[in-house]
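What follows is the residue order along each chain.
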Amino acid sequence: MASTYDIVVVGGGPAGLAAAQSTAKAGARVILFEKDEAIAHSVRTSGVSWIDSMESLGIPSSLYNPIANYRFVSPSNDVMISGSTPRSCVLDVRATYQHLAFLAAEAGATIMVRSNVINIAKEGSRVTGVKASTPAGDMEVKCPLVIDASGFSTSAGRKAGLAGEWRRYGVGAEYECYCDHADSLTWTLMVGQQYSEAGYAWVFPLSKNRVRIGVGIGRPESQADPLDKLHAVLEKKLKPLDALGKIQPVELHYGFIPNEGPRQVSVADGLLMVGDSAGQSNPLVLEGVRYAIEFGRLAGEVGARSLTHNASKESLADYEKAWKARVAAKIASALKVQSRWIGLSDGEWDKEIEILRDMSADEFIDFIKADFTAAKMMKLAFHHPKLAARQLFNMVLK
Ligand SMILES: Cc1cc2nc3c(=O)[nH]c(=O)nc-3n(C[C@H](O)[C@H](O)[C@H](O)COP(=O)(O)OP(=O)(O)OC[C@H]3O[C@@H](n4cnc5c(N)ncnc54)[C@H](O)[C@@H]3O)c2cc1C
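Residues numbered from 1 in each chain as written. Predicted model: local features only at pLDDT ≥ 70, side-chain atom pairs only at ≥ 80, totals over all residues. Heavy atoms only, no water.

S.K.: Would you mind showing me how to read the pairing of strand β10 (residues 116-123) here?
M.R.: Strand residues, when the strand is regular, have side chains that alternate between the two faces of the sheet. Sheet topology note: the β10/strand β11 (residues 126-134) ladder contains 7 bridges and is antiparallel. Opposite Asn116, over in β11, you have Ser133 as the bridge partner. Where β10 hands over to β11, the hairpin turn is made up of 2 residues, of which Gly124 adopts a positive phi near 65°. (Pairing = 2+ DSSP bridges. Helix = DSSP H or I, 4+ residues; strand = E, 2+ residues; numbered from the N terminus.)

Take a look at the structure:
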């Protein structure tokens, strides 16, 4: 089966769905292929985000659980930062992505599920379309622009020779669980060897009876399987799981996230990469959903405009310029903090989380979101009562 569209979007995660909506809204004929049998069939994220970002992206508050308090547990320390109002949130991931899919459909995008993009077509160095295996048979689609929103795999970008394999990345395993009693306003990060040799573990509540409990591990620093580690944490009911009462997993999530900063190049003739395929996530806590939606919309707008120039690399350059101006410096600073954190021993973690004790909830949120403005970091670097903290914030400033 052969057909033509203006734009093909590869992948129905937050980046692809947002891109499909904005390209369709701009009047382009767009088709999105998602390899799983439903949008958000396989959840690959823990869904922590920030309420101000969700509000500015127009995500309804009914799709997330608000969080006001942030707790850190290390082998011999326990720090709680309490906020007066919720600023973070845990998304109902499936409902949020389906909401984005409905927005794209309403705008006029065609969405095909259980449809795997298995190859791209090229004329010279220009990408000219894709081949997809769909429930209606194999499809060859010709188009001036392919938007690669395939996440970690970067399927189209790698086939086009624009992107290589990620060398540094995180791998995470998580159970969504029933529990007897969680504090629905508090999320917890756990650090130290018993939780993760190179990363952290987490408890993220969706309500007082529903939590996501997971373990993330950085490659290449550790080759451990996060699922083995997660089973050990659950079996031993390590703190703070000991306070949750009965824990019964009902869903398993597993995923990979790139962790080496932005791709050097995210556009080529007839091709654009967005979301995890472009390396747009915040490496401090490996969160990328808000950027995937924001830059997905941007990619769609610039992509639709570029059609009058046959989606040349030059006509897509504004997209790359804009997203890098917005996040490249933040990601670079976050990578510095991460390189300090990745090698900490249990004893060092006990001291490191002590730094957080003297931060207000607002200061903490700016920091963990990688919202490092020079003024904010300077204030922390000069006024924090602890020397180790002043060193940390100075390192971010340099
Ligand atoms: C364990 C873990 C925990 C995380 N926790 C958080 C968090 O708490 N908060 C946060 O903001 N971020 C978190 N992230 C990161 C977040 O998940 C990503 O940044 C975000 O999902 C990126 O969105 P995306 O649309 O680029 O890619 P994805 O969400 O990965 O979507 C890509 C889609 O493309 C599809 N696809 C791939 N190849 C093809 C193909 N060839 N043909 C058709 N379809 C294809 C996939 O099936 C998938 O649906 C986490 C990541 C991991 C791994």
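S.K.: I tried to follow the site of the ligand on my own but got confused; where do I start?
M.R.: Taken together, 35 residues form the shell around the ligand, and within it Glu34, Val48, Val117, Asp276 and Val289 come nearest. Take Glu34: an N or O atom from its side chain is 2.6 Å from an oxygen atom of the ligand. In the environment of the ligand, a nitrogen atom lies 2.8 Å from a nitrogen or oxygen atom belonging to the backbone of Val48. Elements that contribute at least two residues to the shell around the ligand include exactly α1 (14-25), β10, β18 (247-258) and α6 (289-306). The element that contributes the greatest number of residues to the shell around the ligand is β18, accounting for 3 residues. Classifying every residue of the shell around the ligand gives 13 nonpolar, 16 polar and 6 charged. (Near = heavy atom within 4 Å. Polar contact = N/O pair within 3.5 Å; in protein donor to acceptor, adjacent residues only side chain to side chain. Nonpolar A, V, L, I, M, F, W, Y, C, P; charged D, E, K, R; others polar.)

S.K.: Would you mind showing me how to read the sheet that holds strand β16 (residues 199-207) here?
M.R.: Paired through their backbone hydrogen bonds, the strands of a sheet run either parallel or antiparallel. Spatial strand order, β7-β6-β15-β16-β17-β14-β18: 7 strands in an open sheet with mixed pairing. Strands with a single pairing partner mark the edges of an open sheet, and in this sheet they are β7 (77-82) and β18. Strand-to-strand twist across the sheet, computed as the mean angle between neighbouring axes with direction ignored, equals 15°. Bridge count for strand β6 (residues 69-74) against strand β15 (residues 186-190) is 5 bridges, and the pairing is parallel. Opposite Phe72, over in β15, you have Leu189 as the bridge partner. Contacts from helix α5 (residues 226-236) reach β14 (169-179), β17 (210-219) and β18, with the element oriented near 35° to β14. Across the sheet, helix α9 (residues 361-368) lies against β6, β7 and β15, angled at about 70° from β6, the strand it touches most. (Axes fitted to C-alpha atoms, helices over the stretch in contact; angles between N-to-C directions. Contact = heavy atoms within 4.5 Å.)

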